[in-house]
Amino acid sequence: MKTFRVVSLTEGVSWVLLLLAMPLKYVWHWPQGVQVMGRIHGALFVAFIITLAIAAVDAGWGVKKIGRAVLAALVPGGAFWLEKQ
């Protein structure tokens, strides 16, 4: 369960950093920020889904709780909301 929390928060931070990298690409014409953060965030999202599945099985979570966790991962800052739940 602790691993899921760490991965969830790390993925949430990477999502916010990816959004912050967007002006680098579109305003200052520096796409490397998005390329790097995009790869990091993608890998962390996959890790999030895997650890979510493991945590859900271990804790006996229902479909509703799992769905909320997935939706939280899709919203910037949702990981921080999920942590408080």
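The model shown is predicted, which means the values in this text are computed figures rather than measured ones.

### Observations regarding the overall build of the protein
What the protein contains, in helices and strands, is four helices and zero strands. The linear arrangement of helices and strands in the protein, starting from the amino end, is α-α-α-α. Seen through its C-alpha atoms, the protein measures out along the principal axes to roughly 45 × 20 × 20 Å. The 85 residues of the protein split such that 29% are buried. Residue pairs at least 24 apart in sequence account for 63% of intrachain contacts in the protein once pairs closer than 6 positions are excluded. Total accessible area on the protein stands at roughly 5,600 Å², and carbon and sulfur atoms take up 72% of it.

### A short note on the nonpolar core
Among the nonpolar cores identified, the biggest contains eleven residues, and these are F4, V7, F48, L52, A55, A56, W61, A69, A72, A73 and L82. Listed by contribution, the elements that provide at least two residues to this core are α1 (2-26), α2 (32-59) and α3 (63-74). Broken down by element, the residue count for this core peaks at four residues, all from α2. Apart from residues lying up to four places away in sequence, V7 is in contact with L44, A47, F48 and T51. Membership of the second largest hydrophobic core comes to five residues, among which are L18, A21, V34 and M37.

### Concerning unusual backbone geometry
When glycine is set aside, most residues are seen to have a negative phi, and most peptide bonds are trans. With a phi angle near 55°, H29 is a residue other than glycine that sits in the positive phi range. Mapped onto the secondary structure, H29 falls in the loop between α1 and α2. Exposure remark for H29: the relative accessible area of 65% places this residue in the exposed category.

### Side note on the packing of α2 against α3
If you want to describe how two helices pack, look at the angle between their axes and the distance between the axes. At a closest axis distance of 11 Å, the pairing of α2 and α3 adopts a crossing angle of 165°. In terms of orientation, α2 lies roughly antiparallel with respect to α3. Regarding α2 and α3, the two cross each other, and that crossing is right-handed. Between α2 and α3, the residues in contact are F45, F48, L52 and A56 and I66, A69, V70, A73 and L74, respectively. Split by residue class, the contact of α2 with α3 holds nine nonpolar, no polar and no charged.

### Digging into the packing of aromatic side chains
By the definition in use, this model includes three aromatic pairs. On the numbers, 5.7 Å between centres and 75° between planes, the contact of F4 with W61 is edge-to-face. Separated by 57 residues along the polypeptide, F4 in helix α1 and W61 in the loop between α2 and α3 bring together distant segments of the chain. You can call F4 buried: its relative accessible area is 7%.

What counts, and where the lines are drawn
- Residues numbered from 1 in each chain as written.
- Predicted model: local features only at pLDDT ≥ 70, side-chain atom pairs only at ≥ 80, totals over all residues.
- Heavy atoms only, no water.
- Helix = DSSP H or I, 4+ residues; strand = E, 2+ residues; numbered from the N terminus.
- Buried < 20%, exposed > 50% of the residue type's maximum accessible area, 1.4 Å probe, protein only.
- Contact = heavy atoms within 4.5 Å.
- Areas by Shrake-Rupley, 256 points an atom, 1.4 Å probe, with all protein chains shown as cover.
- Core = buried A, V, L, I, M, F, W, Y, C linked by side-chain atoms within 4.5 Å.
- Axes fitted to C-alpha atoms, helices over the stretch in contact; angles between N-to-C directions.
- Parallel < 35°, antiparallel > 145°, perpendicular 65-115°, else oblique.
- Left-handed = near helix turned anticlockwise from the far one by under 90°.
- Nonpolar A, V, L, I, M, F, W, Y, C, P; charged D, E, K, R; others polar.
- Phe/Tyr/Trp six-rings, centres within 6.5 Å; stacked < 30°, edge-to-face > 60°.

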